[in-house]
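Here is how the chains run, residue by residue.
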Amino acid sequence: MADHSAAAAATQQEPAGDADGAAYEAFRARVADANINGQTLLATDYLNHFNEIIMLLEMVPDMPDMLEECRAWEPKGYQDHFRDSSFSDKQLAIEAYDYVPERFRQPFEQTIGQMNELVALSLDRMADALEDPDLLRARAVAASRALQRLIDVASAIIHGNDVALHQNEIDELMGY
């Protein structure tokens, strides 16, 4: 198990954005009163993009024609999400993203990539099950649960945990 005091020290000393970490520290001060995490410089509002597709996927078993609306959903990067959002601190979120410490950015982006892959895979699997309502429902439920698990991981990262799923957990989710 990792030494928590060493991890805490690494977080405090980790340079981000520029060589001495001054820009990171400046952004930490700027986000103090915003709905952006002061340690990671990430905002949970981004996860609403994925909550939207989960809601749509869950509707497909009762309204199979919703699959076309699901297919219209497209992955959107963090900064693009905020450019298009009504989030009150959207410009700050966009700017701060360039200074997210690598120990959070890397697992965050990896998790988002996994979510995007899972959405595409789920849409294909659900399309293959349109003629079998029970299988369609089972696949929609499985997709929703798997995506929610990844949202939980992304949320933990946003809140300062440098976690990621292990490859076997990813394979299990993708194989749902």
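Let us look at the structure shown here. Within each chain, residue numbers correspond to sequence positions counted from 1 in written order. Given that this is a predicted model, residues contribute local features only at a pLDDT of at least 70 and side-chain atom pairs are listed and counted only at 80 or more, while totals for whole chains, interfaces and linings are drawn from all residues. Side-chain numbers come from the whole structure's heavy atoms, not from hydrogens or water.

## Re a negative patch on the surface
- Like-charged residues within 9 Å of one another, or nonpolar side chains (Val, Leu, Ile, Met, Phe, Trp, Tyr) within 5 Å, are grouped into patches, provided each residue has over 30% relative accessible area and no salt bridge. The Shrake-Rupley method, run with a 1.4 Å probe sphere, supplies the accessible areas, and residue values consider only the shown protein chains as cover. We count a salt bridge whenever a side-chain nitrogen from Lys or Arg sits within 4 Å of a carboxyl oxygen from Asp or Glu. In this tally, Lys and Arg are treated as positive and Asp and Glu as negative; His is ignored, and so are the chain termini. Where a charge lies is defined by one atom per residue type, namely NZ (Lys), CZ (Arg), CG (Asp) and CD (Glu). A cluster of acidic side chains, namely Glu52, Asp65, Glu68 and Glu69, defines a negative patch on the protein surface.
- One can find Glu52 in helix H3 (residues 48-59). A run of H or I in DSSP counts as a helix once it spans at least four residues, and a run of E counts as a strand once it spans at least two, with each numbered from the N terminus.

## Considerations on the packing of aromatic side chains
- Aromatic pairing here means that ring centres of Phe, Tyr or Trp (its six-membered ring) are within 6.5 Å. Orientation follows from the plane angle: under 30 degrees is stacked, over 60 is edge-to-face, and everything else is tilted. A complete count under the given rule lists nine aromatic pairs for this structure.
- Centroid distance Tyr78 to Phe108: 5.8 Å. Interplanar angle 85°. Geometry classified as edge-to-face. Here the residue Tyr78 occupies a position in helix H5 (residues 78-83), and Phe108 occupies one in helix H7 (residues 102-127), the gap between them amounting to 30 residues.
- Burial here depends on accessible area, computed with a 1.4 Å probe over protein chains only, as a share of the maximum for the residue type. Under 20% is buried, over 50% is exposed, and the range in between is partly exposed. On the basis of relative accessible area, Phe108 is assigned to the buried category, the value being 1%.
- Ring-pair connections join several aromatic residues into one group, and the members of that group are Tyr46, Phe50, Trp73, Tyr78, Phe82, Phe87, Tyr97 and Phe108.
- Of note, Arg105 hangs over the ring of Tyr97, and the distance from its end group to the ring centre comes to 4.3 Å. Ring-over charges, as used throughout, are those where CZ of Arg or NZ of Lys falls within 6 Å of the ring centre and within 35 degrees of the ring normal.

## Regarding unusual backbone geometry
- Notably, Leu41 is not glycine yet its phi reads approximately 65°, a positive angle.
- Among the secondary structure elements, Leu41 is positioned in the loop between helix H2 (22-30) and H3.
- We classify Leu41 as buried; its relative accessible area is 0%.

## Here we look at the pattern of salt bridges
- If you walk through the whole model with that rule in mind, you get seven salt bridges.
- Taking the shortest distance from any N to any O, the salt bridge between Lys76 and Asp84 comes out at 3.1 Å.
- Using a relative accessible area of 26% as the deciding quantity, one classes Lys76 as partly exposed.
- With a relative accessible area of 56%, Asp84 lands in the exposed category.

## Things to note about the side chain of Asp45
- As for its position among the elements, Asp45 is in the loop between H2 and H3.
- The charged side chain of Asp45 is buried without a salt bridge, its nearest counter-charge being Lys90 at 9.9 Å.
- Each polar contact in these results corresponds to two N or O atoms within 3.5 Å; when the atoms are within protein, one needs to be able to donate a hydrogen and the other to accept it, and residues that are neighboring in sequence are counted only if both atoms are side-chain atoms. For Asp45, the side chain forms a polar contact with the side chain of His81, separated by 2.9 Å.
- In this structure, Asp45 is in contact with His81, Phe82, Ser85 and Phe87, ignoring residues within four places of it in sequence. Between two residues, a contact is recorded if the distance between any of their heavy atoms is within 4.5 Å.

## Some thoughts on the nonpolar core
- Side-chain atoms within 4.5 Å are what join buried Ala, Val, Leu, Ile, Met, Phe, Trp, Tyr and Cys residues into a set we call a nonpolar core. One finds Tyr78 and Phe108 to be the most contacted residues of the largest nonpolar core, which totals 49 residues.
- For this core, the secondary-structure elements that each account for two or more residues are H2, H3, helix H4 (66-72), H5, helix H6 (90-96), H7 and helix H8 (133-158).
- A per-element tally of this core places H8 first, with 11 residues.
- Not counting the four nearest positions on each side in its chain, Tyr78 is found in contact with Leu41, Leu42, Ala43, Tyr46, Ala93, Tyr97 and Phe108.

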